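Spelled out from the first residue to the last, the chains are:
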Amino acid sequence: MNIPMVDLQGQYRRLKTEIDREIQKVLDNASFINGSVVAEFAKDLEKYLGIKHVIPCGNGTDALQVAMMALDLKPGDEVITTTFTFIATAEVIALLGLTPVLVDVLEDTMNIDPSAIRKAITSKTKAIVPVHLFGQCANMDEIMAIADENNLFVIEDNAQAIGANYTFKDGSVKKAGTIGHIGTTSFFPSKNLGAYGDGGAIFTNDDKLAEQMRAVVNHGMKVRYYHDYVGINSRLDSIQAAVLKVKLPHLDDFAKARNYAANYYNSAFAACEKITTPITAKFTNHVFHQYTLILNNVDRAGLQKHLSDQGISNAVYYPVPLHQQKAYKDDRYEDGSFPIAEKLSNNVISLPIHTEMTDEQLKFISDAVLEFSTSSN
Ligand SMILES: *Cc1c(COP(=O)(O)O)cnc(C)c1O
């Protein structure tokens, strides 16, 4: 067997007729940039998410950058985010001359710890960037309350949890990415809603922020060749929008397929003390962008080799927390600053999870993981 982390070929084969037809339309019109399908997809996504404005852009990193550019932050302003995430989150903070303030995560959900956010707030804090890691939401009741009390912006990095639902204490439900002042996502091919190249989007209900961000992604112009803001060039191209427009109606089914695989794994590993399966917080559902185990006294490198030798892809998200990354070395932090993130980075492993998995593959993978884990110490 040869089992990839994500089976993009298998999913394409299933949707090929529709996707080929929509891509062909773009080719026939030669409307490669700003074709009508880009606005159509944005409208479809607004409706799906229940949000006023979806602003397409070039990728998920740009989406974060544009969101921060729209908040008129000044160099030295502090932005609080999690140390256990993909680098893009902190990268754009640093690029804009802002100060990333890192905090630790909760051991069960691996998401940002609200009490750690509270402790990290200073007079310079301007924004919080929670990341909905691996496909489940961070605690947005708490985070929005902290933001309200301290007059802070919240930008949700929703690159990994598009389609997830958040249930508030009062019982109301919102889509991940539509709760903060701004939400961002990525359409990188392996994301839950993946294009066939780079892509991203920004979400907001705020008309003024939306107008500004629409200009910022397009060189800061509202009227052609009149530049009201310093902007960037960040577009979702028409071919990507065509692919995404076909895939969006399938997004909830994609999440179901991922949950089926996750449940299979959960049952398979339930009796094994050396493996902690993913824990979903009560206020969110999980769309399993990644299926990530925490190993207890298992030789992780050995397990990785054992799996790879049998054609089973596997990965470590993330092997080094942000505060231990060379490029982000900072006197404020040292080894041991964020013990939970450090422990997780040494003990997590992610298994293949995607929309095309078969029971045969799931059994093969679970058996291989159990075989090694139960005999390792
Ligand atoms: C993928 C990802 C991004 C960046 O998205 P790109 O489209 O690759 O730029 C940002 N944040 C998180 C948490 C991600 O997983």
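Refer to the structure above for everything that follows.
In this text, all values refer to a predicted model and were calculated from it rather than measured experimentally.

Basis of the calculations
- Residues numbered from 1 in each chain as written.
- Predicted model: local features only at pLDDT ≥ 70, side-chain atom pairs only at ≥ 80, totals over all residues.
- Heavy atoms only, no water.
- Core = buried A, V, L, I, M, F, W, Y, C linked by side-chain atoms within 4.5 Å.
- Buried < 20%, exposed > 50% of the residue type's maximum accessible area, 1.4 Å probe, protein only.
- Helix = DSSP H or I, 4+ residues; strand = E, 2+ residues; numbered from the N terminus.
- Domains from an automatic or database assignment.
- Contact = heavy atoms within 4.5 Å.
- Phe/Tyr/Trp six-rings, centres within 6.5 Å; stacked < 30°, edge-to-face > 60°.
- Pairing = 2+ DSSP bridges.
- Axes fitted to C-alpha atoms, helices over the stretch in contact; angles between N-to-C directions.
- Near = heavy atom within 4 Å.
- Polar contact = N/O pair within 3.5 Å; in protein donor to acceptor, adjacent residues only side chain to side chain.
- Areas by Shrake-Rupley, 256 points an atom, 1.4 Å probe, with all protein chains shown as cover.
- 1 Å grid on protein atoms, 1.4 Å probe; cavity = no way out; pocket = protein on both sides within 12 Å on 5 of 7 lines; lining within 4 Å.
- Sits in = over half its atoms within 2 Å of the grid points.
- Points joined across faces, edges and corners; volume = space filled by probe spheres on them.
- Nonpolar A, V, L, I, M, F, W, Y, C, P; charged D, E, K, R; others polar.

**Re the nonpolar core**
Among the nonpolar cores identified, the biggest contains 44 residues, and Phe84, Met110, Ile117 and Ile143 are the most heavily contacted of them. Among the elements of the structure, strand E3 (99–103), helix H5 (114–120), helix H6 (140–150) and helix H11 (339–347) are those that each provide at least two residues to this core. Among the domains, domain 1 (8–103 + 110–249) and domain 2 (250–375) are the pair contributing at least three residues each to this core. Non-local contacts of methionine 110, meaning those with residues more than four positions away in its chain, are made with Phe84, Val105, Leu133, Phe134, Thr292, Ile294, Leu344 and Val348. Listed in part, the 28 residues of the second largest apolar core include Val37, Tyr48, Ile51 and Leu251.

**Overview of the packing of aromatic side chains**
One pair of aromatic rings is described through two measures. These are the centre distance and the angle between the planes. All told, the structure shown has 13 aromatic pairs when counted by the stated rule. Aromatic side chains phenylalanine 86 and tyrosine 318 sit 6.5 Å apart centroid to centroid with 35° between the ring planes, which places their arrangement in the tilted category. You can see phenylalanine 86 sitting in the loop between strand E2 (78–82) and helix H4 (88–95) and its partner tyrosine 318 sitting in the loop between helix H10 (300–309) and H11, a full 232 residues away along the chain. Under the relative-accessibility criterion, phenylalanine 86 is labelled partly exposed at 44%. The interplanar angle of 15° and the centroid separation of 6.4 Å between the aromatic rings of phenylalanine 134 and tyrosine 318 together place this pair among those described as stacked. One end of the pair, phenylalanine 134, is in the loop between strand E4 (125–129) and H6; the other, tyrosine 318, is in the loop between H10 and H11, and 184 residues separate them in sequence. The two residues phenylalanine 134 and tyrosine 318 agree in class, both being buried.

**Looking at the sheet that holds strand E1 (residues 53–57)**
Sheet strands pair by backbone hydrogen bonding; their relative direction is either parallel or antiparallel. In spatial order, the strands read E1-E9-E8-E5-E4-E2-E3; together these seven strands make up an open sheet with mixed pairing. What marks the edges here is a single partner per strand, and that holds for E1 and E3. Neighbour-to-neighbour, the strand axes of the sheet open up by a mean angle of 25°, direction not taken into account. In the sheet, strand E5 (residues 153–157) pairs with strand E8 (residues 182–186) via three bridges, with the strands oriented parallel. Within E8, the residue paired with isoleucine 155 across the bridge is isoleucine 182. With respect to the sheet, helix H2 (residues 36–49) is in contact with E1 and strand E9 (200–204), its orientation differing from that of E1 by roughly 135°. Lying over the sheet, H6 contacts E4 and E5, oriented at roughly 150° with respect to E5.

**Looking at the site of the ligand**
Gly60, Thr61, Asp157, Ser186 and Lys191 are the nearest of the 13 residues found near the ligand. A distance of 2.7 Å separates an oxygen atom of the ligand from a polar backbone atom of glycine 60. Separating an oxygen atom of the ligand from a side-chain N or O atom of glutamine 160 is a distance of 2.8 Å. In the complex, the protein chains occlude 91% of the 380 Å² of accessible area that the ligand would expose alone. More than half of the atoms belonging to the ligand lie within 2 Å of the grid points that define the largest pocket.

**Quick notes on the layout of surface pockets**
Size it by volume and the largest pocket reaches roughly 500 Å³. Around the largest pocket sit 28 residues that line it, and Phe86, Gln160, Phe188, Lys191 and His289 are the ones nearest its centre. Classifying every residue of the lining of the largest pocket gives eleven nonpolar, 13 polar and four charged. When we break the lining of the largest pocket down by domain, the ones giving at least three residues each are domain 1 (8–103 + 110–249) and domain 2 (250–375). Quantified by volume, the second largest pocket comes out at close to 340 Å³. Around the second largest pocket, the lining is made up of 17 residues, and of these Asn34, Val38, Pro56, Arg214 and Val217 lie nearest the centre. At the level of elements, H2 and E1 are the ones that each hand at least two residues to the lining of the second largest pocket. Broken down by element, the residue count for the lining of the second largest pocket peaks at six residues, all from H2.

Coordinates in, geometry out; function isn't part of it.
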